[in-house]
Amino acid sequence: MKRFLYLAVILSALSQQSVALDKVIHMASLEWPPYTGANLPDQGETIKHAKAIFASMGYTLKVDFFPWARVVNLGLGDKTKYVGYLPEYFDQSLAEKCEFSASVGFSPLGFAQLKSNAVKWRNLNDIAKLKGVGVVRDYLNSPDLDARIASGNIRADLAVSDIENIKKLGANRIPLIVIDENVFNYWLDNNSELMGLKHIMEMNPRMLDKKNLYLCFKKDKKSSEIRDIFNKGLNAQRMK
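Reading the values: the criteria
Residues numbered from 1 in each chain as written. Predicted model: local features only at pLDDT ≥ 70, side-chain atom pairs only at ≥ 80, totals over all residues. Heavy atoms only, no water. Core = buried A, V, L, I, M, F, W, Y, C linked by side-chain atoms within 4.5 Å. Buried < 20%, exposed > 50% of the residue type's maximum accessible area, 1.4 Å probe, protein only. Contact = heavy atoms within 4.5 Å. Salt bridge = Lys/Arg side-chain N within 4 Å of Asp/Glu carboxyl O. Helix = DSSP H or I, 4+ residues; strand = E, 2+ residues; numbered from the N terminus. Axes fitted to C-alpha atoms, helices over the stretch in contact; angles between N-to-C directions. Parallel < 35°, antiparallel > 145°, perpendicular 65-115°, else oblique. Nonpolar A, V, L, I, M, F, W, Y, C, P; charged D, E, K, R; others polar.

Before we go on, may I ask you to explain the nonpolar core in this structure?
Generally speaking, a soluble globular protein has its nonpolar side chains buried in company with each other. Formed by 70 residues in total, the largest nonpolar core has its most connected members in Phe54, Tyr85, Ile127, Ile166, Leu215 and Phe230. The contact partners of Phe230, leaving out residues within four places of it in the chain, are Ala50, Ile53, Phe54, Ser101, Val104, Leu215 and Phe217.

Looking at this structure, how should I read the pattern of salt bridges?
Pairs can form between side chains of opposite charge once their charged atoms are near each other. Taken as a whole and assessed by the stated rule, the structure comprises 11 salt bridges. Its salt-bridge partner being Lys221, residue Glu225 comes within 2.6 Å of it at the nearest N-O pair. You can see Glu225 and its partner Lys221 sitting in helix α8 (residues 221-239), 4 residues apart, about one turn around the helix. Among the charged side chains, a network of salt bridges with common partners joins Glu99, Arg227 and Asp228.

Even after reading the chapter, I still don't get the packing of helix α6 (residues 162-170) against helix α7 (residues 181-190), so can you show me in this structure?
It is at 11 Å that the axes of α6 and α7 come closest, and there the two elements cross at 75 degrees. Viewed along their axes, α6 and α7 adopt a mutual orientation that is roughly perpendicular. Seen from α6, the contacting residues are Asp162, Ile163 and Ile166; seen from α7, they are Val183, Phe184, Trp187 and Leu188. Along the lines of polarity and charge, the residues of the contact of α6 with α7 split into 6 nonpolar, no polar and 1 charged.

Any functional reading would require information beyond the geometric quantities listed.
The following block contains the structure:
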């Protein structure tokens, strides 16, 4: 009898542990402060928000950080623990393999420039006349800009990160870089290699786009269910 009770206790504990593990959500992200970052308070504004939404629904969000290309591959990979990644801009081509959450914020996307070489532009035809524009490899920008870059109408100077792009701008290798205004200001204020450039560069006053930010979930049954749970929690929060 004692052996049976002992076995029952073990099975019950294992069952409870399994349920607890099912309540842990894994997602991938990148160093993109102030929105996301391993060493930021609460891992950044966007992750803090997402964690709070999941917590309100009884789930715990765990986030791992990687370079951007790996974020997308791991977040949407078939044989990974991740149900998706964050944050992401909406793009119709991406919707074929990603189920977007409801919006969790927005990103003011624009061009950074040297103060001594300010660019006046009214539309992307003016941008196409420049020798090039700095963009981060595999980042989504605005649909029109990305389409022009893909067609060769606008020349893209590729970088592996926003930090590299800012360095290129500081060296006057390119006249403009595409960057989120908050990310731009964060790096200039907090990165020791870039602080000295703050006085010579600025955001162009004309914004390129105001982008909503989303969580991107895999297109499978489990991930879709988690996306729906997240959206339910987000909608409940907004109704308070």
